[in-house]
Amino acid sequence: MSFEFDRTVPFLWQPANPRFAIFCNAFTFIAVPFEKYIIAALREAGDRLDDPEVAAEADAFLRQEAQHAAAHRKHMLALIEQYPGLECCYEETMASYQQLIAAHPVEFHAAYIANLEATFTPMFKVILDHRDSLFGGGDQRVAALMLWHFVEEIEHRSSGLKLCRHLVPDPWYRVKRVRQTFRHTGFIANTVAKAFDQHIPLRDRALSAERVMEDALRTEFRYRLGRTATKPVFHAVPTGRLLRMLWGLAISQTPHHDPADQPLPEWAGTWMAEYDRGTDMTTFDPMRSDPDC
């Protein structure tokens with residue numbers, strides 16, 4: 001996938017939903033070090049992935065994550081070119097993941113990756129199912145990057161879990177690492193948000209990134225209870241659907257959960273069908289819903 005980004009890509013690439021724009025920009029700055037963390041962890045596992053099927057899964061997983069890192073790096077560098085201070089954000093997040101690699105055994109990293117990857121299916125299904133309200137009218141380059149990544153996360157939704165179960169047969173080991181996993185990812189997200197607020201002028205971001213990232217869930221519920229007129233990221237998503245997503249996020253951390261059994265976004269099939277027929281997916285219109293249109 002040959003994504004192209006330059007300094008013409010605005011930070012607030014989705015003015016109709018600035019909170020979602022900030023979320024996706026933060027996703028880019030988190031994705032690059034996280035994907036490299038996955039690669040480092042899989043390499044550390046080395047010859048412990050001795051089952052041919054598991055080894056093949058790990059190889060495909062590693063290659064796909066490496067492509068994600070490379071594509072998001074282009075987006076990240078385009079933003080750093082406009083706001084050079086963001087370079088320190090990348091360095092801090094990379095250093096944090098390197099410290100994580102040094103401080104824990106490979107079993108911990110397998111659990112961390114499986115825990116985080118398990119959340120992607122319920123979250124990205126909501127995003128793909130409601131792509132019109134989230135991506136419509138936004139910068140097509142960023143939208144295409146995010147949609148590609150979210151679809152591929154659906155594609156390899158069970159890879160992290162398969163590798164974790166191979167390295168750590170005890171299903172409760174992963175559950176016991178949930179708090180550490182999300183404490184660290186929360187730290188990374190907060191580091192990125194603070195850097196956005198520090199190095200990007202308010203006129204270019206419209207909102208405090210730190211508040212957006214910290215108050216996302218609270219804003220969603222206050223909006224639905226009529227206690228604020230501020231539109232949250234998922235304002236167009238029905239409340240019942242949002243609650244099902246939260247339930248999906250909760251059960252994703254249970255010991256016998258498998259993302260392969262979860263409901264999938266139909267539009268992921270549309271994306272794959274278009275890719276197979278040779279459509280340029282770096283400019284694909286996210287509003288298309290019929291794979292035969």
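Everything in this summary refers to the structure shown in the same document.

### Section: helix α2 (residues 52-82)
So, step 1. Its 31 residues place the ends of α2 46 Å apart at the C-alpha level, agreeing with the 45 Å of an ideal helix rising 1.5 Å per residue.
So, step 2. Two or three places before Glu 53, at the opening of α2, Asp 51 has a side-chain oxygen 2.8 Å from that residue's backbone nitrogen.

### Remarks on a nonpolar patch on the surface
So, step 1. On the surface, Leu 217, Phe 221, Leu 225 and Leu 243 cluster together into a nonpolar patch covering about 370 Å² of accessible area.
So, step 2. Here Leu 217 shows up in helix α12 (residues 216-224).
So, step 3. Residue Leu 217 is classed as partly exposed on the basis of its relative accessible area, which comes to 46%.

### With respect to the environment of Ala 229
So, step 1. Secondary-structure assignment places Ala 229 in the loop between α12 and α13 (239-251).
So, step 2. We classify Ala 229 as exposed; its relative accessible area is 75%.
So, step 3. For the pair formed by Ala 229 and Gly 186, sequence separation is 43 residues and the distance between their alpha carbons is 27 Å.

### A look at the environment of Arg 43
So, step 1. Mapped onto the secondary structure, Arg 43 falls in helix α1 (residues 18-45).
So, step 2. Between the C-alpha atoms of Arg 43 and Gln 99, which are 56 residues apart in sequence, the distance is 16 Å.

### Describing the side chain of His 68
So, step 1. Topologically, His 68 is positioned in helix α2.
So, step 2. In contact with His 68, not counting residues within four places along its chain, are Glu 35, Trp 148, His 149, Glu 152, Glu 153 and His 156.

### Digging into the packing of aromatic side chains
So, step 1. The final tally for this structure, using the stated rule, is 22 aromatic pairs.
So, step 2. Look at Phe 27 and Phe 124: their rings are 6.0 Å apart centre to centre, the planes differ by 80 degrees, and that puts the pair in the edge-to-face class. In this pair, Phe 27 sits in helix α1 while Phe 124 sits in helix α4 (residues 106-129), placing the two residues 97 residues apart along the sequence.
So, step 3. On the accessibility criterion, Phe 27 (14% relative accessible area) is buried.
So, step 4. Look at Phe 29 and Phe 196: their rings are 5.5 Å apart centre to centre, the planes differ by 85 degrees, and that puts the pair in the edge-to-face class. Here Phe 196 lies in helix α9 (residues 178-199) and Phe 29 lies in helix α1, a separation of 167 residues in the sequence. Phe 196 matches Phe 29 in its accessibility class, with the two residues each being buried.
So, step 5. Put simply, the rings of Trp 13, Phe 20, Phe 23, Phe 27, Phe 120, Phe 124, Phe 135 and Phe 150 touch in pairs and so form one group of aromatic residues.

### Some points on the pattern of salt bridges
As a working rule, side chains carrying opposite charge can pair if their charged atoms are close by.
So, step 1. Applying the stated criterion to the full structure yields 14 salt bridges.
So, step 2. The residue Asp 197 makes a salt bridge to Arg 205 at a minimum N-O spacing of 3.3 Å.
So, step 3. By sharing partners, the salt bridges in this structure join Asp 6, Asp 139 and Arg 141 into a single network.

### Description of the packing of helix α3 (residues 87-103) against α9
So, step 1. Interaxial distance between α3 and α9 falls to 9 Å at its minimum, and their mutual angle equals 165 degrees. Here α3 lies roughly antiparallel to α9, going by the angle between them. When the axes of α3 and α9 are compared, the crossing they make is right-handed. Where α3 abuts α9, its residues Cys 88, Cys 89, Glu 92, Thr 93, Ser 96, Tyr 97 and Leu 100 lie against His 184, Thr 185, Phe 187, Ile 188, Thr 191, Val 192, Ala 195 and His 199.
So, step 2. Among the residues making up the contact of α3 with α9, the classes are represented as 8 nonpolar, 6 polar and 1 charged.

What counts, and at which threshold
- Residues numbered from 1 in each chain as written.
- Predicted model: local features only at pLDDT ≥ 70, side-chain atom pairs only at ≥ 80, totals over all residues.
- Heavy atoms only, no water.
- Helix = DSSP H or I, 4+ residues; strand = E, 2+ residues; numbered from the N terminus.
- Expected span 1.5 Å × (residues − 1).
- Polar contact = N/O pair within 3.5 Å; in protein donor to acceptor, adjacent residues only side chain to side chain.
- Patch = residues over 30% accessible without salt bridge, like charges linked within 9 Å, V, L, I, M, F, W, Y side chains within 5 Å.
- Areas by Shrake-Rupley, 256 points an atom, 1.4 Å probe, with all protein chains shown as cover.
- Salt bridge = Lys/Arg side-chain N within 4 Å of Asp/Glu carboxyl O.
- Buried < 20%, exposed > 50% of the residue type's maximum accessible area, 1.4 Å probe, protein only.
- Contact = heavy atoms within 4.5 Å.
- Phe/Tyr/Trp six-rings, centres within 6.5 Å; stacked < 30°, edge-to-face > 60°.
- Axes fitted to C-alpha atoms, helices over the stretch in contact; angles between N-to-C directions.
- Parallel < 35°, antiparallel > 145°, perpendicular 65-115°, else oblique.
- Left-handed = near helix turned anticlockwise from the far one by under 90°.
- Nonpolar A, V, L, I, M, F, W, Y, C, P; charged D, E, K, R; others polar.

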